[in-house]
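Descriptive analysis of the structure
If you want the building blocks of each chain, they are given just below.
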Amino acid sequence: AQTVTQSQPEMSVQEAETVTLSCTYDTSESNYYLFWYKQPPSRQMILVIRQEAYKQQNATENRFSVNFQKAAKSFSLKISDSQLGDTAMYFCAFMIENTGTASKLTFGTGTRLQVTL
Amino acid sequence: EPEVTQTPSHQVTQMGQEVILRCVPISNHLYFYWYRQILGQKVEFLVSFYNNEISEKSEIFDDQFSVERPDGSNFTLKIRSTKLEDSAMYFCASGRDNSPLHFGNGTRLTVT
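Residues numbered from 1 in each chain as written. Chains lettered and ligands numbered in written order. Predicted model: local features only at pLDDT ≥ 70, side-chain atom pairs only at ≥ 80, totals over all residues. Heavy atoms only, no water.

1. Regarding the overall build of chain B
The condition that has to hold: Under the scheme used here, helices are H or I runs from DSSP no shorter than 4 residues and strands are E runs no shorter than 2 residues, and both carry numbers assigned from the N terminus. With the radius of gyration taken over C-alpha atoms, the globule rule is written as 2.2 Å times the number of residues to the power 0.38. Think of it in three bands: with a 1.4 Å probe and only protein chains considered, a residue is buried below 20% of the maximum accessible area for its type, exposed above 50%, and partly exposed in between. When checking whether two residues touch, look at their non-hydrogen atoms; a contact exists if any pair is within 4.5 Å.
The secondary structure content of chain B amounts to 0 helices and 11 strands. Here the C-alpha radius of gyration of chain B, 13 Å, is about what a compact globule of 112 residues would show, namely 13 Å. Counting over 112 residues, chain B shows a buried share of 45%. Put simply, 53% of the contacts in chain B that link residues at least 6 apart link residues at least 24 apart.

2. Section: the side chain of Thr-27 of chain A
Residue and element names in this part refer to chain A. Spelled out, the test is: Each polar contact in these results corresponds to two N or O atoms within 3.5 Å; when the atoms are within protein, one needs to be able to donate a hydrogen and the other to accept it, and residues that are neighboring in sequence are counted only if both atoms are side-chain atoms.
Counting through the fold element by element, Thr-27 comes out in the loop between strand 4 (24-26) and strand 5 (32-39). For Thr-27, a relative accessible area of 7% gives the class buried. Within polar-contact distance, the side chain of Thr-27 engages the side chain of Gln-2 at 3.2 Å. Here Glu-29 takes part through its backbone nitrogen, which lies 3.0 Å from a polar atom of the side chain of Thr-27. Look past the residues within four positions of Thr-27 in its chain and what remains in contact with it is Gln-2, Tyr-32, Lys-73 and Phe-94.

3. Some words on the packing of aromatic side chains
Our working rule: Here a pair means two rings of Phe, Tyr or Trp (six-membered ring of Trp) with centres within 6.5 Å. Their orientation is stacked below 30 degrees between planes, edge-to-face above 60, and tilted elsewhere.
For the structure on display, the rule yields 20 aromatic pairs over all chains. Measuring from centroid to centroid gives 6.3 Å for Tyr-33 of chain B and Tyr-35 of chain B, while their planes differ by 35 degrees, and the two rings are tilted. Its relative accessible area of 1% is what places Tyr-33 of chain B among the buried residues. Each member of the aromatic cluster is reached from another via a ring pair, and the members are Phe-35, Tyr-37, Phe-91 and Phe-107 of chain A together with Tyr-33, Tyr-35, Phe-45, Phe-91 and Phe-103 of chain B.

4. Considerations on the environment of Glu-59 of chain B
Along the chain, Glu-59 of chain B turns up in the loop between strand 6 (53-57) and strand 7 (65-68). Along the primary structure Glu-59 of chain B and Pro-70 of chain B are separated by 11 residues, whereas in three dimensions their C-alpha atoms are 24 Å apart.

5. Quick notes on the sheet that holds strand 8 (residues 75-79) of chain B
Residue and element names in this part refer to chain B. So the rule is basically this: Two strands form a pair only when DSSP identifies at least two bridges running between them. Working convention: axes come from line fits to C-alpha atoms, limited for helices to the stretch in contact. Angles between N-to-C directions cover 0 to 180 degrees.
Taken in spatial order, the 4 strands make up an open sheet running 1-3-8-7, and their pairing is antiparallel. Edge positions in the open sheet fall to strand 1 (5-7) and strand 7, since each of these has one partner strand only. Between one strand and the next, the sheet's axes are offset by a mean angle of 20 degrees, whatever the strand orientation. Pairing between strand 3 (residues 19-24) and strand 8: 5 bridges, direction antiparallel. Bridge pairing in strand 8 links Cys-23 to Phe-75.

6. Topic: the state of the cysteines
Residue and element names in this part refer to chain B. Heads up, the rule is: Here, the term disulfide refers to a pair of cysteine sulfur atoms separated by no more than 2.5 Å.
Scanning the entire structure with this criterion turns up 2 disulfides over all chains. In this model Cys-23 forms its disulfide with Cys-92; the gap between the sulfur atoms is 1.9 Å. Looking down the S-S bond of the Cys-23 and Cys-92 bridge, the torsion is -65 degrees, so its handedness is left-handed. Residue Cys-23 is found in strand 3, and its partner Cys-92 is found in strand 9 (residues 88-95); the two are separated by 69 residues along the sequence. The exposure class of Cys-92 is buried, given its relative accessible area of 0%.

7. A look at the pattern of salt bridges
Residue and element names in this part refer to chain A. For the record, the criterion: Salt-bridge detection follows one rule: a side-chain nitrogen of Lys or Arg within 4 Å of a carboxyl oxygen of Asp or Glu.
On inspection of all chains with the given rule, the structure shows 6 salt bridges over all chains. Of the charged contacts in the structure, one is a salt bridge between Lys-55 and Glu-52, with a shortest N-O distance of 3.9 Å. The exposure class of Lys-55 is partly exposed, given its relative accessible area of 38%. Judged by its relative accessible area of 13%, Glu-52 falls in the buried class. Between Arg-63 and Asp-86 there is a salt bridge, with its nearest N and O atoms 2.8 Å apart. Placement of Arg-63 in the loop between strand 7 (60-61) and strand 8 (64-69) and of Asp-86 in the loop between strand 9 (74-79) and strand 10 (88-96) is noted, with a sequence separation of 23 residues between them. Asp-86 gets classed as buried once you look at its relative accessible area, which sits at 3%. The structure contains a network of salt bridges with shared partners spanning Arg-50, Glu-52 and Lys-55.

8. Here's the deal with the pairing of strand 11 (residues 107-111) of chain B
Residues and elements named next belong to chain B. By the alternation rule, side chains of strand 11 split into Thr-107, Leu-109 and Val-111, which are all buried, and Arg-108 and Thr-110, of which none is buried. Relative to strand 11, strand 2 (residues 10-13) is paired through 4 bridges, and the arrangement is parallel. Across the sheet, residue Val-12 finds its bridge partner in strand 11, namely Thr-110. As judged from the 3 bridges shared by strand 9 and strand 11, these two strands associate in the antiparallel manner. When the sheet's bridge partners are listed, Tyr-90 is paired in strand 11 with Thr-107.

Written out as C-alpha cells, the structure reads:
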C-alpha cells in the first residue's frame, strides 16, 4: 500500500515571499505520478502541478515548482512570489501508473497555507 | 475546458434516508471515482469504476454504498440508509490513462 505524509499541518508566508511545503511518500512501485492539489475555502480540488516519476527534471508551472527526490521519496512544492489567492489547503497525492485499470489517488493529510500581507 | 459536474451542491437528509449523489464526468474519460472528505480531514478514496464495473473499493465503501453508470454519461453514488457519520463533502472525479484526475466541485451532504 502507498502512503503519503505531509508533516506540516499549517504554514504561513508573507505576500511576495517564497514558501516550501513538504511531502514524503512510501511505495514499492517503480512507475507512478505525484501531484499537488490546492483546495481553497470553496473546497474545490484544483490541480497545481504534476510530476512523472520517470522524469528526473523537476516540474514547474509558473510560480509553482517541485523538488522531486526519488531516492528519498520526497516531493516538495515551492511557491514563489506568494499571492493572497494562494491561501488554501494543499494536498500532496500519489498515483500508480495505470495498467488497464482505474488507478486511484492517495492523498496526504494536507497543509493549510495562509498568505499574509 | 471540459469539467466534471456534480449535483446537488448541497444535500440535507435525515438519518436512515437514501440519497443519490450525481456526477457527469468528462466525456472522453474512462475512469471514474468517488472520494469523501469529512470537514477538516483528508480526502479519502471510496471507489473507482472502469469498464462498467467497480475496480477497487475502500473499507469505507460498505454495503450501504453503491455506484452506477446508468446511461453512459451520469455516474451516481447511492447511500442506502444514511448515518450521521456520512456527513461529508463527496467528490466525483474522472480521468484517462496516466493523467491527473479532474474533480467536480463536490456535494456537501448533511445528515441530521
